[in-house]
Amino acid sequence: MTLVLADCTYSYGRRKRPVLSDFSYALPGGLTILLGPNGAGKSTLLKMSASVVVPESGSVSFGRLRAGSKEFRKAVAWMPQTITPLASLTAREYVAYIGWLKGMNRGDAWSQARRALQRVELSDKADERTTRLSGGQLRRVGVAAALVHDARVLLLDEPTAGMDPRQRRVFRDILAGLREDVRVLMSTHDVADLAEEADHVTVLEAGRILHSGTTESFLAHTPADVPQGRAAEGAYTALLGHGEP
Ligand SMILES: Nc1ncnc2c1ncn2[C@@H]1O[C@H](COP(=O)(O)OP(=O)(O)OP(=O)(O)O)[C@@H](O)[C@H]1O
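Residues numbered from 1 in each chain as written. Predicted model: local features only at pLDDT ≥ 70, side-chain atom pairs only at ≥ 80, totals over all residues.

### Here's the deal with the sheet that holds strand 3 (residues 31-35)
Reasoning step 1: Reading across from one edge, 6-7-8-3-9-10 is the order of the six strands in this open sheet, with mixed pairing throughout. The open sheet has two free edges, formed respectively by strand 6 (76-79) and strand 10 (208-214), since each of these has just one partner strand. Taken pair by pair, the neighbouring strands of this sheet meet at an average axis angle of 15°, ignoring direction.
Reasoning step 2: Bridge analysis of strand 3 against strand 9 (residues 200-205) gives four bridges, and the strand direction is parallel. Bridge assignment links I33 to a residue of strand 9, and that residue is V201. (Pairing = 2+ DSSP bridges. Helix = DSSP H or I, 4+ residues; strand = E, 2+ residues; numbered from the N terminus. Axes fitted to C-alpha atoms, helices over the stretch in contact; angles between N-to-C directions.)

Structure below.
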């Protein structure tokens, strides 16, 4: 059972050209990295998959769960690209609030928020107002919020942006420690980020899938003259034929 987008079209405003047109995608198992240049449609794809925005046509589902249903909301977690700090909420309250929005009862949301903050090593900031956190700390609050309700699909929009190297390591360990049946789709501009851990790579350009397959099949695009350690970058550049990560 997986997350499936079938023939989805979405545009920001009636007169705008669709960002995604008749777009179909089935999220593979394990960890999938979503790559693509600025404006390719990665955030839009993640938002549509999370049912945060609704396609004009087509459908989004997770097994028998239709996007928008309460069960779908519980099963699918989304971490936005920008975590908006709220002066009235501490880190723990923020994470618990997301848990509550996802259908947890207040008690569970409160206790699981503590545990989720522990996982991102932010226990010492649990009672700090979110407006007083650094950019990297806020992203970790975002990761904790995505983890709090034990979702079966995690949709993460540039989760590692702004994280220091130690926190990236912690994040990798979190991914490695997820239950085997949890599927993750995460966007990143750091092409080498998680290239070793990822099971699959999907590359978007201008709303189209340029490549979607195993990490091995992605790395097979690496030109022969690319130095060691830069294979992922080489494969990405070769696939795009141009362009920056
Ligand atoms: N709220 C919005 N209103 C209007 N247009 C938007 C909005 N959000 C995104 N777009 C447009 O939709 C297209 C895809 O944007 P999207 O954010 O999905 O790309 P992305 O691949 O995530 O980019 P980035 O790597 O810069 O985060 C872009 O052309 C962008 O200008």
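### Observations concerning the site of the ligand
Reasoning step 1: Taken together, Y12, V19, G36, N38, G39, A40, G41, K42, S43, T44 and Q81 make up all the residues around the ligand.
Reasoning step 2: A per-class count over the shell around the ligand returns three nonpolar, seven polar and one charged. (Near = placed C-beta within 6 Å. Nonpolar A, V, L, I, M, F, W, Y, C, P; charged D, E, K, R; others polar.)

### Remarks on the pairing of strand 4 (residues 57-62)
Reasoning step 1: The sheet contact formed by strand 1 (residues 3-10) and strand 4 spans five bridges and is antiparallel. Following the sheet pairing, L3 is matched in strand 4 by F62.
Reasoning step 2: Bridge count between strand 4 and strand 5 (residues 65-66): two bridges; the pairing is antiparallel. The residue bridging F62 from the neighbouring strand is L65, located in strand 5.
Reasoning step 3: Hairpin geometry of strand 4 and strand 5 is characterised by an intervening segment of two residues between the two adjacent antiparallel strands and by a positive phi of about 60° at G63.

### With respect to the packing of helix 3 (residues 91-101) against helix 5 (residues 135-147)
Reasoning step 1: Helix 5 packs onto helix 3 with a crossing angle of 35° between their chain directions and a minimal axis gap of 8 Å. Judged by the sense of rotation from one axis to the other, the crossing of helix 3 with helix 5 is right-handed. Contact with helix 3, carried on its side by A91, Y94, V95 and I98, involves V141, A144 and A145 of helix 5 and no other residues of that element. (Left-handed = near helix turned anticlockwise from the far one by under 90°. Contact = placed C-beta atoms within 7 Å.)

### Section: unusual backbone geometry
Reasoning step 1: Positioned with a positive phi, D22 is a non-glycine residue whose angle comes to about 40°.
Reasoning step 2: With respect to the helices and strands, D22 occurs in strand 2 (residues 20-26).
Reasoning step 3: Of note in this structure, D150 is not a glycine but carries a positive phi near 55°.
Reasoning step 4: Mapped onto the secondary structure, D150 falls in the loop between helix 5 and strand 7 (153-157).
Reasoning step 5: Taking the number of C-beta atoms within 10 Å as the measure of exposure, D150 has 16 and is therefore partly exposed. (Buried ≥ 20, exposed ≤ 12 C-beta atoms within 10 Å, placed from the backbone.)

### Looking at helix 3
Reasoning step 1: All buried positions along helix 3 are accounted for by A91, R92, Y94, V95, A96, I98 and G99.
Reasoning step 2: Here the buried face of helix 3 lies against helix 4 (106-119) and helix 5.
Reasoning step 3: One or two residues past the end of helix 3 sits G103, with phi positive at roughly 105°.

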